[in-house]
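Secondary and tertiary structure notes
Now for the letters of each chain:
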Amino acid sequence: MKYAYTLLLILITSITFSQDIYIHSGKLVNTKSGKIETEKTIVVSGNKIIRVENGYINGGTKDIVLDLKDKTVLPGLIDLHVHIENETNPNAYLQKYTASEADVAYNSVGFAQKTLMAGFTTVRDLGGTGVNISLKKAINSHKIIGPRIFTAGKSLATTGGHADPTNGNKRSLIGDPGPKEGVVNSVEDAKKAVRQRYKNGADLIKITATGGVLSVAKSSSNPQFTVEEIKAICETAKDYGFHVAAHAHGDEGMQRAILGGVKTIEHGTLMSEKTMDMMKEHNAYLVPTISAGKEVTQKATIKDYYPSIIVPKALEIGPKIQNTFKKAYARGVGIAFGTDAGVFAHGQNGKEFGFMTEAGMPAIETIQSATITNAKILNMENQLGQIATGFLADIIAVNEDPTKNINTMEDVVFVMKEGEVFKKE
Ligand SMILES: [Zn+2]
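Conventions and cut-offs
- Residues numbered from 1 in each chain as written.
- Predicted model: local features only at pLDDT ≥ 70, side-chain atom pairs only at ≥ 80, totals over all residues.
- Heavy atoms only, no water.
- Salt bridge = Lys/Arg side-chain N within 4 Å of Asp/Glu carboxyl O.
- Helix = DSSP H or I, 4+ residues; strand = E, 2+ residues; numbered from the N terminus.
- Buried < 20%, exposed > 50% of the residue type's maximum accessible area, 1.4 Å probe, protein only.
- Pairing = 2+ DSSP bridges.
- Contact = heavy atoms within 4.5 Å.
- Axes fitted to C-alpha atoms, helices over the stretch in contact; angles between N-to-C directions.
- Donors = N, O, S within 2.8 Å, 3.2 Å for Na, K, Ca; no water.
- Domains from an automatic or database assignment.
- Buried area = accessible area lost by both parts, 1.4 Å probe.
- Polar contact = N/O pair within 3.5 Å; in protein donor to acceptor, adjacent residues only side chain to side chain.
- Core = buried A, V, L, I, M, F, W, Y, C linked by side-chain atoms within 4.5 Å.
- Parallel < 35°, antiparallel > 145°, perpendicular 65-115°, else oblique.
- Left-handed = near helix turned anticlockwise from the far one by under 90°.
- Phe/Tyr/Trp six-rings, centres within 6.5 Å; stacked < 30°, edge-to-face > 60°.
- Lys NZ or Arg CZ within 6 Å of the ring centre and 35° of its normal.
- Right-handed = clockwise from strand over helix to strand, strands pointing away.

1. Quick look at the pattern of salt bridges
Throughout the structure, instances matching the rule amount to 17 salt bridges. Across the salt bridge formed by Glu252 and Arg256, the nearest N and O atoms sit 2.8 Å from each other. In this pair, Glu252 and Arg256 both sit in helix α8 (residues 251–260), four residues apart, roughly one turn of the helix. Residue Glu252 is classed as partly exposed on the basis of its relative accessible area, which comes to 39%. Judged by relative accessible area, which is 23%, Arg256 ranks as partly exposed. Across the pair Asp401 and Lys404 runs a salt bridge whose closest N-O atoms are separated by 3.4 Å. Given a relative accessible area of 7%, Asp401 falls into the buried group. Exposure remark for Lys404: the relative accessible area of 68% places this residue in the exposed category. In the salt-bridge network here, residues are joined through shared partners; they are Lys27, Asp401 and Lys404.

Pasting the structure below:
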């Protein structure tokens, strides 16, 4: 009896002294209904939203009120395509040989912070060296500041393919990387490579289904996996609860990836109408990365910025990405927001919203793609992407109503992640 009384006392004390946060939101983007709501109070307790009330309400004397009455409040944004370990610069190709893992790690701390401050509270990292896995752990254990990371660890490629780590090396440094290093050339290799990623601590799988722009190799878009290899990757991935993302510019490689069972097609540059229809049929999503297309087109005009083998590929592929997105959206392909940050400077992810609306997607739908759609792809639809009871308290704010001026998404003035305020201007 005495024990029960003590427990009750502890319970009452903890209720009385827990400090909740009351966010007064002038405008609030309801990502589920697609409507802008006015004068709401979001009540945050610990790391969760415990309720959303009409009007402006204050809690008890111990509680905190955050005044965002002149702002538009949204759920934390999700970017499904970033490379948090590195950022474009004229020495990037040399740094592969001069930067140690520790150098990469220290740099990535700053990139992660910039990403969070831009309002992106969750990202999917689509490939680095594996430092991205350590970075995720450091953020989760509150040692450093950054977005919630779901990472592929190292991307999977075939020999000489877009993510073969020794592409372009001199003979003595080419070696023969295998599944452990993320290079597969058979169904057996494919299974091992996926299991190795699981062992390393990845959350999902990324494959490079076709050639790519920024690798030191000739083709931007040839198919680089067989359907059987992709099937083996997707089926093995399923055993570990992983989904598969496929980098693809060329149409044939994209079709093989869709038939193999991938969840998202990254870039999708040379996608035919037939492939668009296949995407719909197989519930695959296009991650547009228009920002990356614009960046490589522009950087390719700067002398010696990229190795010479990359320049024609950048000029061929870069300018086409936005138009492919336009066609795919119009044809009803599912769109998942993703930028390829790292190919351009981290923290500028928000520009993608403007590029998407420019190509015909209504502003509210671009926001829905970066919240509810992406949460669903990450299997987090009950925790992320909405400001609603029971969801994680990932909340951001911008100065203007983004459905009136989408460019306001480039200037996020308030960032809360799991109930903790990281930015308040
Ligand atoms: Zn990428």
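2. As for the sheet that holds strand β12 (residues 334–335)
The sheet built from five strands is open, its strands ordered β8-β9-β10-β11-β12 with parallel pairing. Here the strands that pair on one side only, and so sit at the sheet edges, are β8 (205–208) and β12. The sheet contact formed by strand β11 (residues 285–287) and β12 spans two bridges and is parallel. Residue pairing for β12: Leu286 is matched across the bridge by Ile335. Sitting on the sheet, helix α14 (residues 363–377) is in contact with β10 (264–267), β11 and β12, with an inclination near 125 degrees to β11.

3. Thoughts on the coordination of the zinc ion
The protein atoms donating to the zinc ion are His81 (NE2), His83 (NE2) and Asp340 (OD), with metal-donor distances spanning 2.1 to 2.2 Å. Along the chain, the residues donating to the zinc ion are arranged with the sequence spacing H-x1-H-x256-D. Of the two residues, His83 is situated in the loop between β5 (77–82) and α2 (92–98) and Asp340 in the loop between β12 and α13 (351–358); the sequence distance between them amounts to 257 residues. Residue classification places His83 among the buried residues on the basis of a relative accessible area of 13%.

4. Some words on the sheet that holds strand β2 (residues 35–45)
Strand order in this open sheet of seven strands is β3-β2-β1-β4-β13-β14-β15, and the pairing throughout is mixed. At either end of the open sheet lies a strand with only one pairing partner, and these are β3 (48–54) and β15 (420–424). Averaged over all adjacent pairs, the angle separating strand axes in this sheet is 30 degrees, with direction ignored. Alignment of strand β1 (residues 21–30) against strand β4 (residues 64–75), held across seven bridges, turns out to be parallel. When the bridges of β4 are listed, Ile23 appears paired with Leu66. Of the strands in this sheet, β14 (412–417) and β15 are in contact with helix α3 (residues 101–117), which crosses β14 at around 110 degrees.

5. As for the domain arrangement of the protein
Assigned domains of the protein: these are domain 1 (2–76 + 385–424) and domain 2 (77–377). Each of domain 1 and domain 2 was reduced to a C-alpha centroid, and the two centroids are 32 Å apart. On the side of domain 2, 27 residues touch domain 1, which itself brings 27 residues to the contact. For the pair domain 1 and domain 2, the summed buried area comes to about 2,000 Å², and 68% of that belongs to carbon and sulfur atoms. Summed over the shared surface of domain 1 and domain 2, the number is two salt bridges. Among the ionic pairs, Glu418 bridges to Arg148, the shortest N-O distance being 3.0 Å. In this assembly, domain 1 and domain 2 are joined by seven residue pairs in polar contact (both at pLDDT 80 or more).

6. A short note on the nonpolar core
Counting 77 residues, the largest nonpolar core has Ile205, Ile207, Ile233, Val262, Ile265 and Phe353 as its most contacted members. The element that contributes the greatest number of residues to this core is helix α7 (residues 227–239), accounting for five residues.

7. What to know about the packing of α13 against α14
Following both chains from N to C, one finds α13 and α14 inclined at 130 degrees, their axes separated by 9 Å at the closest point. Put simply, α13 runs oblique to α14. Both α13 and α14 take part in a crossing whose hand is right-handed. Of α14, the residues touching α13 (which contributes Phe353, Met356 and Thr357) are Ala363, Thr366, Ile367, Ser369 and Ala370.

8. Re the packing of aromatic side chains
A ring pair, where both rings are aromatic, is described by two values, the distance of the centres and the angle of the planes. Under the defined criterion, the tally for this structure stands at eight aromatic pairs. A cation over an aromatic ring shows up here: Lys69 above the ring of Tyr56, its NZ or CZ 5.2 Å from the ring centre. Against the face of Phe355 rests Lys294, its NZ or CZ located 5.0 Å from the ring centre.

9. Some thoughts on unusual backbone geometry
Phi is positive for Glu39, which is not a glycine, with a value near 50 degrees. Examined against the element boundaries, Glu39 turns out to sit in strand β2. You will see that Asp304, though not glycine, has its phi angle at about 65 degrees, which is positive. According to the relative accessible area criterion, Asp304 is exposed, its value standing at 60%.

10. Let's talk about the pairing of strand β7 (residues 148–151)
Alternating residues of β7 divide into Arg148 and Phe150 and Ile149 and Thr151, and every residue in both groups is buried. Alignment of strand β6 (residues 120–125) against β7, held across four bridges, turns out to be parallel. Directly across from Thr122, in β7, lies its bridge partner Arg148. Traced from β6 through helix α4 (residues 131–140) to β7, the parallel crossover comes out right-handed.

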